Amino acid sequence: MPSYKAPLRDMKFVMQEVLGAGEQLAALPFYKDNETADFDLLSQVLDEAARFVETEIQPLNQTGDKEGCVRDEQGNVKTPTGFKAAYKKFCDAGWTALDSDPEYGGQGMPHLISIAMNEMICSANVAWGMYPGLSHGAYAALQAVGSDELKKLYLPHIVDGSWSGTMCLTEPHAGTDLGIIRTKAADNGDGTYSISGTKIFISAGEHDLTENIVHLVLARLEGSPSGTKGISLFLVPKFIPDASGKPGERNGVVCGSLEHKMGIHGNATAVLNFDGAKGWLVGEINKGMNHMFIMMNAARLGTGLQGLGIGEVAYQNALAYAKDRLQMRHEPRVSGEEADPIIVHPDVRRMLLTGKAYSEAGRALALWLALSLDTEAHHPDEAKRKEAGDLVALLTPIAKAFMTDNGFNVAVQSQQVFGGHGYIAEWGMEQFVRDARIGQIYEGTNGIQALDLLGRKVLMDGGKKLQNLAGTLQAFAEENEGDEHIGDYVGQLGKAAQQLGSLTMVIGQKAMQGAEGADEVNAAAVDYLRFFGHVVYGYLWARMAKIAQEKIDAGQDKDGFYLAKVQTARFYFAKLFPETKALAATIKAGNEALAVDNKAVFGWEHAALAHA
Ligand SMILES: Cc1cc2nc3c(=O)[nH]c(=O)nc-3n(C[C@H](O)[C@H](O)[C@H](O)COP(=O)(O)OP(=O)(O)OC[C@H]3O[C@@H](n4cnc5c(N)ncnc54)[C@H](O)[C@@H]3O)c2cc1C
């Protein structure tokens, strides 16, 4: 059975030594006044979170996968054994309220802490974690754009965990393209709406963990324009709350079936049928897509954490196995047995170091974004809030796609360390691979994240957000280019950052060539995001190596923690970062090699696409 130990030391290293979180949070009056900015307190909360996750949630991961969720004929869904009891303990201990607003019963803790805890939950049991995870997204959207009445009625229950939330976008014919959804809303004339339609693939769409489920549903109000400009957001509770706020009458939304799927078996993926269900408008009519983006952005970062968390736990288990498994002799011999532990073989070390390097850089990115979210929400200076918000907007698609792609790759590499045993269910490694795969697909596929990054966040913005980040990288490079230890990394990073700028210009110029330009952007986007991801990870690795080296030089590395950082940085720049060179070549190759003769290559043709 796989095990998990929360990487607390590494989390605190990033928070305090790399990001200076204590000082930064103390500059935000919201946390200072709430007395939640004190890093010693936050550190204790993290220790307690780790204890809870390791003992209450992680032991349910394999059984949850085996049992899955079961739906009865009335559409009720039972979650796997132990999920409900663990969820109750989670709520009773106040974990659902961690970073929520005290006005609604929250503890007002920084995102920094909730995001670190989220990573732990994703390592321990990603399927279980999706129940509170989606509620958190629903909370964020309602809090940002809901009316005062809705907030007062719903938020305290979502915050204390007694009610959960969902995100209902996808329909059988509409996934990426939400502009063509068919779910309808009719105005009842009394402040409510009748919602009818079918939503599919709804995570945590039906279950037995909470008294009520609050669905946030995208639908088109009668008479609204077609496309995304005519979509509104509605709140549809499973049970309509009575005047006292207790779940009352059953609403017209039922779970028609559960999907049988590759992984995350412990999470119910529901088909939901809305049949004249009573709903309430959230935010403004026809602004549903904008409002839903609040929830989707939170969920995208949450999905990135799934990649990070699964990669971390898969790596931890591969490392333990590699120390134990004796296979093939190595010179010099390190064991008195007939074979040596596989950890001595360079190719096994490559797989392990890949896991370590991607997990630790991913953690640094996630916590950097978490602190930026705190700054964006609470900094007294508007310019600082905007700067932090721009950084979050720019890096969210990278956090989602780069972290889930790497997380899946790390899960596969860690499984590979186990050889044939990695393919056998009892070791748990194949579950990590299956569970990690969905992160690359949902919340907008990683291809769509790449288009969001290149099209919307970089080109449509005239490169402004990118330039701000480039300024940060430039300043770091100038300060450290002659450094004896990290000068080489800074040199590589500086070149890649410059190349990112020039590649952006080339794609930007091609983008202006009408329809062909759009195809050029589409053709480049995935490689562009991966290139960009390496630049961000390279920056974070160089920063971490610099700090670690300073500790070593000051004689403060008692247990080798800082040496491990310095050497993992060296591995990253020698073995992973050079992928940027291949990516630059494939980005430059553009759309030409994709514009093949449709008939010859695909056995399909269309007059409008006369490629040769
Ligand atoms: C287990 C699971 C849980 C889910 N949970 C939820 C949930 O809670 N709520 C919810 O609303 N949805 C949920 N989804 C749906 C998920 O978000 C969608 O499946 C996903 O966004 C992709 O949509 P699609 O499946 O319709 O694929 P499509 O949109 O049909 O895409 C197919 C392929 O075409 C590519 N593609 C499409 N358009 C373009 C383009 N313009 N340029 C380049 N490539 C393109 C895509 O990247 C993809 O590779 C879930 C799905 C699964 C499997």
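First things first, this report covers the structure right here in the doc.

How each quantity is defined
Residues numbered from 1 in each chain as written. Predicted model: local features only at pLDDT ≥ 70, side-chain atom pairs only at ≥ 80, totals over all residues. Heavy atoms only, no water. Helix = DSSP H or I, 4+ residues; strand = E, 2+ residues; numbered from the N terminus. Rg over C-alpha atoms; globule rule 2.2 N^0.38 Å. Buried < 20%, exposed > 50% of the residue type's maximum accessible area, 1.4 Å probe, protein only. Contact = heavy atoms within 4.5 Å. Lys, Arg positive; Asp, Glu negative; His and termini not counted. Charge placed at Lys NZ, Arg CZ, Asp CG, Glu CD. Near = heavy atom within 4 Å. Polar contact = N/O pair within 3.5 Å; in protein donor to acceptor, adjacent residues only side chain to side chain. Areas by Shrake-Rupley, 256 points an atom, 1.4 Å probe, with all protein chains shown as cover. Patch = residues over 30% accessible without salt bridge, like charges linked within 9 Å, V, L, I, M, F, W, Y side chains within 5 Å. Salt bridge = Lys/Arg side-chain N within 4 Å of Asp/Glu carboxyl O. Core = buried A, V, L, I, M, F, W, Y, C linked by side-chain atoms within 4.5 Å.

### Here we look at the overall build of the protein
The helix and strand tally for the protein stands at 19 helices and eleven strands. The C-alpha atoms of the protein give a radius of gyration of 25 Å, which matches the 25 Å a tight globule of 612 residues would have. Overall, the protein is about 75 × 60 × 55 Å in size when its C-alpha atoms are taken along their principal axes. Here the protein, with 612 residues, has 55% of them falling under the buried criterion. A fraction of 73% describes how many contacts in the protein between residues 6 or more apart in sequence connect residues 24 or more apart. Measuring between centres, the 56 positive side-chain charges of the protein sit 2 Å from its 75 negative side-chain charges.

### Section: unusual backbone geometry
Residue Pro-332 follows Glu-331 across a cis peptide bond; omega there is -5°. With respect to the helices and strands, Pro-332 occurs in the loop between helix H9 (288–324) and helix H10 (346–378). Even without being glycine, Asn-286 reaches a positive phi, approximately 65°. Counting through the fold element by element, Asn-286 comes out in the loop between strand E11 (269–282) and H9.

### A closer look at the site of the ligand
Residues in close proximity to the ligand total 20 residues, the closest being Met-167, Thr-170, Thr-176, Phe-201 and Thr-445. Here an oxygen atom of the ligand and a side-chain polar atom of Thr-176 are 2.5 Å apart. Taken by itself the ligand offers 980 Å² of open surface, and the protein chains cover 65% of this. Those elements that provide at least two residues to the shell around the ligand are strand E3 (163–168), strand E5 (193–203) and helix H13 (446–459). Among the elements that make up the shell around the ligand, the one with the highest residue count is E5 (three residues).

### What about a negative patch on the surface?
A cluster of acidic side chains, namely Asp-33, Glu-35, Asp-38 and Asp-40, defines a negative patch on the protein surface. Mapped onto the fold, Asp-40 is located in helix H4 (residues 39–57). Judged by its relative accessible area of 54%, Asp-40 is exposed.

### A word on the nonpolar core
Counting 190 residues, the largest nonpolar core has Met-120, Leu-365, Trp-368, Leu-395, Tyr-528 and Phe-532 as its most contacted members. No other element matches the 19 residues that helix H7 (residues 111–145) contributes to this core. When sequence neighbours within four positions are dropped, the list of residues in contact with Phe-532 reads Leu-394, Leu-395, Ile-398, Leu-453, Val-458, Leu-466, Leu-469 and Leu-500.

### Re the pattern of salt bridges
Counting across every chain of the model gives 27 salt bridges. With a closest N to O distance of 3.7 Å, Lys-551 and Glu-17 form a salt bridge. Of this pair, Lys-551 sits in helix H16 (residues 514–553) while Glu-17 sits in helix H1 (residues 8–18), and the two are 534 residues apart along the sequence. Given the relative accessible area of 24%, Lys-551 is considered partly exposed. When salt bridges with common partners are traced through the structure, they connect Asp-10, Glu-119, Glu-312, Lys-356, Glu-360, Arg-363 and Lys-565 into a single cluster.

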